[in-house]
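The residues making up each chain are set out below.
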Amino acid sequence: MNKRVFSLFFIVLGLMLVVAACGGQATKAPAAAEAPAATEAPVAATEAPVALSGDPIRGGLLYDDWVKVLGVETPAENQVLWATQTTNTRSGKDTWRCKECHGWDYKGVEGAYGGGSHQTGFVGVLQVAGTDANEILAALKTGDHDFSAQMDDQALTDIALFLSDNMLDSAAFIAEKKAVGGDAANGETIYTENCVDCHGPEGLVLNFADETGPEYFGTIAIDNPWEFVHKARFGQPQVADMPALVDLGLTDQEYIDLLAYAQTLPTSSPVAEGGRLYDNWIAATGAADMTENQPLWATQTTNTRTGNDTWRCKECHGWDFKGVDGRYAEGSHATGFVGVLASKDKPAEELLASMKTGDHDFSAYLSDDQLNSIVAFVQQVEDIAPYINDDKTVNGDAVNGKVLYESNCQACHAEDGKAVDFDDGEGVEFVGTVAADNPWEVLSKLQNGQPGAIMTAGRNMDWTTQDLLDILTYIQTLPIE
Ligand code: HEC
Ligand code: HEC
Ligand code: HEC
Ligand code: HEC
């Protein structure tokens, strides 16, 4: 199964590169011959306007979040026009986003942003579709709506080309947030070909928000179908490998097919959410730092940590779920507390109750939903001893691990695993470092994702435990410094 999906991924990727090499050519080399958007515009007038050339896909990304796309500083003041409305209380960066004033549906006050927390009351931009990009460009450089101090001419041109030729009017396709007349079966095919490798078989692999309100592929399709369609068409700012379906020439109907399928996907993933909470619920929920130690902490003296660490389930019960009977029987994390492995077969109500009782009461910090996720997680923990040896070697196949790493981790962590440094102090901690030091911890993160960060939750891929061990074995070969 995996191998098939991955080779498909490479085929699709290859296809995309070819398409990009042909279709995207106009961006890098503004050749007169290749100016797709502007030449197709209705040129009725006798004096033909100068054809603009640029990249409308980049224009779509800039419309979404140009500060992020260009990697520039957010302007110090709110956008001037922002003060002319009072319904939307955001400030700073959001006030500069085209989408914040004009909407994901491009309809401004006439569309979804006519109400709700994003309500702005500004006009839409859909009416400029099909008009001369030169005029649109001029509107982006005029009066209080002048963005030329923030963006160069090419960026503004790209946006103008997007607005002139690439907006999708969803009026006939989306009603009351539901996809109308979409063919979910065809949508699934599109999903499998283009999205499944990163978002997983059920769209639960990446959580875009924190555990107080997890947001998955399906969540955003249901909550904000217009944003979903825009991002499906143009990609996600700063995520280089996420495809822009516009590049592949899908029909309008096919986006709705994709949306119809995405709206059938689940919006929660209790076990993985529970796993991230078990790892570090403070980071996972974005909660404030703890000022006091967990009350039970004082009943041990071997582990001298304080504050947040004393509240982490894993700090008392271990990455191997065996507490004092496992890895944390000794070493700097030695705690002497019981594990949770022996409790896994207890009924859910009993486990829930144990997390709301006496000094072990977490209900002031975690909602019942979150505690139930933790219970779901605890009920399926397993003994890791057969997988990872006491000398930290892992019983896996590095060759398969490398294949999985390359297609699923490399985009964020780089080939050598050094793109992200997890150490916040003086040292360095890369994928290779932590895999060598603490394979038990890494296995947990590979299964459930990283609390508070956007990272693959392997248990929501179609991966076996052996696949995860293979990845772990491979990343133990990466540089540690
Ligand atoms: C703070 C809110 C705000 C932001 C941010 C904003 N606009 Fe506007 N936009 C307006 C308002 C208000 C108008 C109409 C009056 C005007 O032109 O000043 C307008 C007009 C337009 C028009 C002309 C519409 C027509 O019918 O002629 C276009 C095109 C446009 N905006 C595109 C953009 C793009 C692209 C961005 C992002 C680079 C953007 N806007 C950012 C508020 C905003
Ligand atoms: C190469 C990996 C990759 C592929 C393939 C991919 N995505 Fe994504 N996608 C991401 C990442 C990473 C994020 C999270 C970005 C962030 O918020 O930093 C994301 C986020 C999203 C979001 C939510 C953005 C938000 O801000 O809430 C949507 C919607 C989305 N992707 C749709 C799609 C669709 C539709 C496809 C298939 C056509 C797809 N993605 C394919 C990596 C990918
Ligand atoms: C400061 C250390 C500490 C922390 C932090 C901690 N526990 Fe415990 N846990 C204990 C101790 C001690 C016991 C056994 C005695 C008791 O129940 O009070 C226990 C018992 C348990 C049990 C067994 C209950 C039973 O009835 O069999 C489970 C399950 C459990 N903890 C899960 C968690 C989870 C999940 C978290 C994180 C939300 C967590 N613990 C955080 C110390 C801790
Ligand atoms: C969408 C980007 C993304 C993808 C894909 C991704 N990661 Fe991560 N990973 C991160 C981020 C962000 C962090 C957290 C950095 C931090 O907390 O400082 C992280 C953290 C880690 C950590 C360190 C955990 C710790 O705290 O010690 C490991 C190990 C890791 N990732 C391995 C992997 C592996 C293996 C894969 C592929 C199965 C993968 N990651 C896929 C973004 C990603």
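Since the structure is predicted, the reported quantities are computational estimates derived from the model, not experimental observations.

Parameters at a glance
Residues numbered from 1 in each chain as written. Chains lettered and ligands numbered in written order. Predicted model: local features only at pLDDT ≥ 70, side-chain atom pairs only at ≥ 80, totals over all residues. Heavy atoms only, no water. Donors = N, O, S within 2.8 Å, 3.2 Å for Na, K, Ca; no water. Tetrahedral: all angles 85-135°; square planar, octahedral: opposite > 155°, others 65-115°. Helix = DSSP H or I, 4+ residues; strand = E, 2+ residues; numbered from the N terminus. Buried < 20%, exposed > 50% of the residue type's maximum accessible area, 1.4 Å probe, protein only. Near = heavy atom within 4 Å. Polar contact = N/O pair within 3.5 Å; in protein donor to acceptor, adjacent residues only side chain to side chain. Nonpolar A, V, L, I, M, F, W, Y, C, P; charged D, E, K, R; others polar. Phe/Tyr/Trp six-rings, centres within 6.5 Å; stacked < 30°, edge-to-face > 60°. Domains from an automatic or database assignment. Axes fitted to C-alpha atoms, helices over the stretch in contact; angles between N-to-C directions. Parallel < 35°, antiparallel > 145°, perpendicular 65-115°, else oblique. Contact = heavy atoms within 4.5 Å. pLDDT = per-residue confidence, 0-100. Core = buried A, V, L, I, M, F, W, Y, C linked by side-chain atoms within 4.5 Å.

## Remarks on the coordination of the iron atom of ligand 1
Piece 1. For the iron atom of ligand 1, the full set of protein donor atoms is His-102 (NE2) and His-145 (NE2), and the range of their distances to it is 1.9 to 2.0 Å.
Piece 2. In this structure, the iron atom of ligand 1 is surrounded by six donor atoms whose angles at the metal cover 88 to 179 degrees, and the resulting shape is octahedral. Placement of His-102 in helix α5 (residues 98-102) and of His-145 in the loop between α6 (133-139) and α7 (153-165) is noted, with a sequence separation of 43 residues between them.
Piece 3. Looking at His-102, the relative accessible area reads 11%, which means it is buried.

## Quick notes on the site of ligand 1
Piece 1. As a structural note, the neighbourhood of ligand 1 is formed by 21 residues, with Cys-98, Cys-101, His-102, Gln-127 and His-145 the closest of them.
Piece 2. Side-chain polar atom of Gln-127 to an oxygen atom of ligand 1: 2.8 Å apart, as the coordinates give it.
Piece 3. Elements represented by at least two residues in the shell around ligand 1 include exactly α5 and α7.
Piece 4. Across the shell around ligand 1, the residue classes break down as 15 nonpolar, five polar and one charged.

## Overview of the packing of aromatic side chains
Piece 1. Tallied over the entire structure, the rule returns 20 aromatic pairs.
Piece 2. Each ring, one from Trp-82 and one from Phe-122, has its centre 6.5 Å from the other, and the planes form 40 degrees; the classification is tilted. Placement of Trp-82 in the loop between α4 (56-70) and α5 and of Phe-122 in the loop between α5 and α6 is noted, with a sequence separation of 40 residues between them. In this structure, Trp-82 and Phe-122 share a single accessibility class: buried.

## Thoughts on the coordination of the iron atom of ligand 4
When four donors bind a metal tetrahedrally, each ideal donor-metal-donor angle is 109.5 degrees, and when six bind octahedrally, the ideal angles are 90 or 180 degrees.
Piece 1. Donor atoms from the polypeptide that bind the iron atom of ligand 4 are His-413 (NE2) and Met-455 (SD), placed at 2.0 to 2.1 Å.
Piece 2. One way to put it: the six donor atoms around the iron atom of ligand 4 meet at angles of 83 to 178 degrees, and that makes the site octahedral. Separated by 42 residues along the polypeptide, His-413 in helix α18 (residues 410-413) and Met-455 in the loop between α20 (439-448) and α21 (465-475) bring together distant segments of the chain.
Piece 3. Overall, the relative accessible area of 12% leaves His-413 in the buried class.
Piece 4. Taking relative accessible area as the criterion, Met-455 reaches 23% and is therefore assigned partly exposed.

## Concerning the site of ligand 3
Piece 1. The immediate surroundings of ligand 3 are formed by 20 residues, with Cys-313, Cys-316, His-317, Ser-343 and His-360 found nearest.
Piece 2. One of the side-chain nitrogen or oxygen atoms of His-317 is found 2.8 Å away from a nitrogen atom of ligand 3.
Piece 3. Within the side chain of His-360, an N or O atom sits 2.8 Å from a nitrogen atom of ligand 3.
Piece 4. When residues of the shell around ligand 3 are traced back to their parent elements, those giving at least two are α14 (313-317) and α15 (348-354).
Piece 5. At three residues, the largest contribution of residues to the shell around ligand 3 is made by α14.
Piece 6. Considering only residue class, the shell around ligand 3 consists of 12 nonpolar, six polar and two charged.

## Examining the domain arrangement of the protein
Piece 1. We note that the domain assignment places domain 1 (35-165), domain 2 (270-378) and domain 3 (398-475) within the protein.
Piece 2. A C-alpha centroid distance of 39 Å is found between domain 1 and domain 3.

## Things to note about the packing of α4 against α7
Piece 1. Packing of α4 against α7 brings their axes to within 7 Å, and their N-to-C directions diverge by 95 degrees. Put simply, α4 runs roughly perpendicular to α7. Two secondary-structure elements touch here, α4 through Pro-56, Arg-58, Gly-59, Gly-60, Leu-62 and Tyr-63 and α7 through Gln-154, Ala-155, Asp-158, Ile-159, Leu-161, Phe-162 and Leu-163.
Piece 2. Per-class residue counts for the contact of α4 with α7 are eight nonpolar, three polar and two charged.

## A word on the confidence of the model for the protein
Piece 1. Averaged over all residues, the pLDDT of the protein is 90; the fraction at 70 or higher stands at 90%.
Piece 2. Taken together, the stretch residues 1-39 has pLDDT below 50 and engages in 40 contacts with residues farther than four places along the chain or on a different chain.

## Considerations on the side chain of Gln-447
Piece 1. Looking at the element boundaries, Gln-447 is found in helix α20.
Piece 2. Once you skip the residues sitting within four places of it in the chain, Gln-447 turns out to touch Ala-457, Gly-458, Arg-459 and Leu-468.

## Quick word on the nonpolar core
Piece 1. Judged by nonpolar contacts, the single largest core of 55 residues is most densely connected at Trp-66, Tyr-106, Leu-163 and Phe-228.
Piece 2. Among the secondary structure elements, those contributing two or more residues to this core are α4, α6, α7, α8 (184-194), α10 (217-223), α11 (225-234) and α12 (252-262).
Piece 3. Once you skip the residues sitting within four places of it in the chain, Phe-228 turns out to touch Phe-217, Ile-220, Ala-221, Leu-258, Leu-259 and Ala-262.
Piece 4. Counting residues in each nonpolar core, the second largest holds 49 residues, with Phe-321, Val-378, Val-431 and Trp-463 among its members.

## Side note on the side chain of Asn-448
Piece 1. In this structure, Asn-448 sits in helix α20.
Piece 2. Its relative accessible area of 1% is what places Asn-448 among the buried residues.
Piece 3. Look past the residues within four positions of Asn-448 in its chain and what remains in contact with it is Val-271, Ala-272, Gly-275, Arg-276, Phe-377, Ala-457 and Arg-459.

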